[in-house]
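# Reading the structure
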Amino acid sequence: MSESIITVIIGASPPNRLDKALARDVPEEAALSRTRLARLIEAGAVRREGEVLTNPKANVAEGDVIAVMVPGVTESHIEAEDLPLDVRFEDDDLIVVMKPVGMVVHPAPGTPSGTLVNALLHHFGGRLSGVGGVGRPGIVHRIDKDTSGLLVVAKSDRAHHGLADQFAAHSVERLYQAVVHGHPDPGDPRLRGVRGVSIEPGSVIKITSDLARHKTDRQRQAVFFGHGKHAITRARVLEVFGTPAQVSLVECRLETGRTHQIRVHMSHAGHGLIGDPVYGGRRKVAKGAVSDAAMALLAAFDRQALHAAVLGFEHPVSGETLRFEAALPQDMDDLITQLRG
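Residues numbered from 1 in each chain as written. Predicted model: local features only at pLDDT ≥ 70, side-chain atom pairs only at ≥ 80, totals over all residues. Heavy atoms only, no water.

### What to know about the packing of aromatic side chains
Applying the stated criterion to the full structure yields two aromatic pairs. Plain terms: the ring middles of F89 and F324 are 5.8 Å apart, the flat faces sit at 50° to each other, and that makes the pair tilted. Remark: F324 occurs in strand 18 (residues 321–325) and F89 occurs in strand 6 (residues 87–90); sequence separation between them is 235 residues. We classify F89 as partly exposed; its relative accessible area is 23%. Here F313 and F324 contribute two aromatic rings whose centre-to-centre distance is 6.2 Å and whose plane-to-plane angle is 35°, an arrangement assigned as tilted. Of this pair, F313 sits in strand 17 (residues 306–314) while F324 is found in strand 18, placing the two residues 11 residues apart along the sequence. The exposure classification of F313 matches that of F324, with both residues buried. The rings of F89, F313 and F324 are connected pair by pair, giving a single aromatic cluster. Directly above the ring of F225 sits R195, whose terminal nitrogen or CZ lies 4.1 Å from the centroid. (Phe/Tyr/Trp six-rings, centres within 6.5 Å; stacked < 30°, edge-to-face > 60°. Helix = DSSP H or I, 4+ residues; strand = E, 2+ residues; numbered from the N terminus. Buried < 20%, exposed > 50% of the residue type's maximum accessible area, 1.4 Å probe, protein only. Lys NZ or Arg CZ within 6 Å of the ring centre and 35° of its normal.)

### Some thoughts on helix 3 (residues 116–124)
For helix 3, the tally of buried residues reaches seven of nine residues, placing the bulk of the element in the interior. Residue G125 follows helix 3 closely and has a positive phi angle near 55°.

### Quick notes on the sheet that holds strand 3 (residues 51–52)
Read from one edge to the other, the open sheet built from four strands follows the order 1-4-2-3, with strand pairing classed as antiparallel. Only two strands of the sheet have a single partner each, and these edge strands are strand 1 (4–9) and strand 3. Bridge count for strand 1 against strand 4 (residues 65–70) is six bridges, and the pairing is antiparallel. Note on strand 4: the bridge partner recorded for V8 is I66. Packing against the sheet, helix 1 (residues 18–25) makes contact with strand 1, strand 2 (46–48) and strand 4, and its axis sits at approximately 95° to strand 1. Packing against the sheet, helix 2 (residues 34–42) makes contact with strand 2 and strand 4, and its axis sits at approximately 90° to strand 4. (Pairing = 2+ DSSP bridges. Contact = heavy atoms within 4.5 Å. Axes fitted to C-alpha atoms, helices over the stretch in contact; angles between N-to-C directions.)

### Comments concerning the side chain of S248
In this fold, S248 is placed in strand 16 (residues 247–254). A distance of 2.7 Å separates a polar atom in the side chain of S248 from the backbone oxygen of G182. Setting aside residues up to four positions removed in sequence, S248 forms contacts with A178, V179, V180, G182, H183, P184, V237, E239, V240 and F241. (Polar contact = N/O pair within 3.5 Å; in protein donor to acceptor, adjacent residues only side chain to side chain.)

### Overview of the nonpolar core
Counting 32 residues, the largest nonpolar core has L116, L120, Y176, C252, I262, M266 and L273 as its most contacted members. Those elements that provide at least two residues to this core are strand 7 (94–99), helix 3, strand 10 (148–154), strand 11 (173–181), strand 13 (204–213), strand 16, helix 6 (261–268) and strand 17. A per-element tally of this core places helix 3 first, with five residues. When neighbours within four sequence positions are excluded, L273 is seen to be in contact with A178, V179, V180, H181, I262, R263, M266, G280, Q304, A305 and L306. Membership of the second largest hydrophobic core comes to 21 residues, among which are A21, L22, A30 and L40. (Core = buried A, V, L, I, M, F, W, Y, C linked by side-chain atoms within 4.5 Å.)

### Examining empty space enclosed by the protein
Going through the model one piece at a time under the given rule, you end up with one cavity of 30 Å³ or more. Computed from the structure, the largest cavity encloses a volume of approximately 40 Å³. Around the largest cavity, the lining residues are H141, L150, R174, L175, Y176, A308, V310 and L311. When residues of the lining of the largest cavity are traced back to their parent elements, those giving at least two are strand 11 and strand 17. Tallied by class, residues from the lining of the largest cavity come to six nonpolar, one polar and one charged. (1 Å grid on protein atoms, 1.4 Å probe; cavity = no way out; pocket = protein on both sides within 12 Å on 5 of 7 lines; lining within 4 Å. Points joined across faces, edges and corners; volume = space filled by probe spheres on them. Nonpolar A, V, L, I, M, F, W, Y, C, P; charged D, E, K, R; others polar.)

### So, the pattern of salt bridges
Applying the stated rule across the entire model yields 18 salt bridges. Where D64 meets R48, a salt bridge forms, and the shortest distance between an N and an O atom there is 3.1 Å. Linking D64 in the loop between strand 3 and strand 4 with R48 in strand 2, this pair joins segments that are 16 residues apart in sequence. Residue D64 shares its accessibility class with R48, and that shared class is buried. In this structure, K155 engages E90 in a salt bridge whose closest nitrogen and oxygen atoms are separated by 2.9 Å. (Salt bridge = Lys/Arg side-chain N within 4 Å of Asp/Glu carboxyl O.)

Written as structure tokens, this is what we have:
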């Protein structure tokens, strides 16, 4: 692990504290975020004319020459694995991938291998500037193991913090497609009477609540009001299937990104996802309302019918607007084809 020295010359009218001045004037190619610089200051890795500066609020002046000692990237403890990856975009700062059904995003005690991070480490092959000084991908959002779809992952500190800021500001476009029980009809008095549900122009169903762990089942999330993390989902019906209506294809737009948010909110509204073993409920499709082939696929669908179809954001380094779309996975596409038939 070799150390590099970054020289920063403080420009005119600098901010009145060291960390802010460094963040403004550090060379772009150094890829050092303000958070990383603050950690380096605290670690005694920042000097001015030989004097170690450990106070991020220290005064600086125009023309000050600051030396920042940056340790080499430490290898991650996570093992790289040669697993298939569907890459939709990649540059020096980030990568966009299509996560398949069944793949966990990050290793955990129950799934130490076979994850997206294991696959990414192999894909990068050491060509990774690192996040927080560690050679690891920067995970800024996740999707459930049995949900398919698009994910953006940071490869550098500057991308990691830039993306995290956009997710925190709810400026990232995240559009999902889900197959749900019933017909979420904006004109339905029952739906309008559900607490937290309101109807917006364009027949958009807005679901607003707090989400937190279920009181008795700690593996589940539950809807609360006045307790938990604020969550907003907007849903719009794209297509309805069955006579009478039994199943719908719904577009869900996330304003926030809480654990299991779409699954919990649609269940709260009375329209749980097809195949969802946790929140789907026991609702059945009426016999004869859809074809026998469609009925068989509905009965056999063994994961939540949810797909992250659209991901849009501003590139945290170049400022370019990026937007990606991913077609439905085969199982959802087959299900919808049979429902239409």
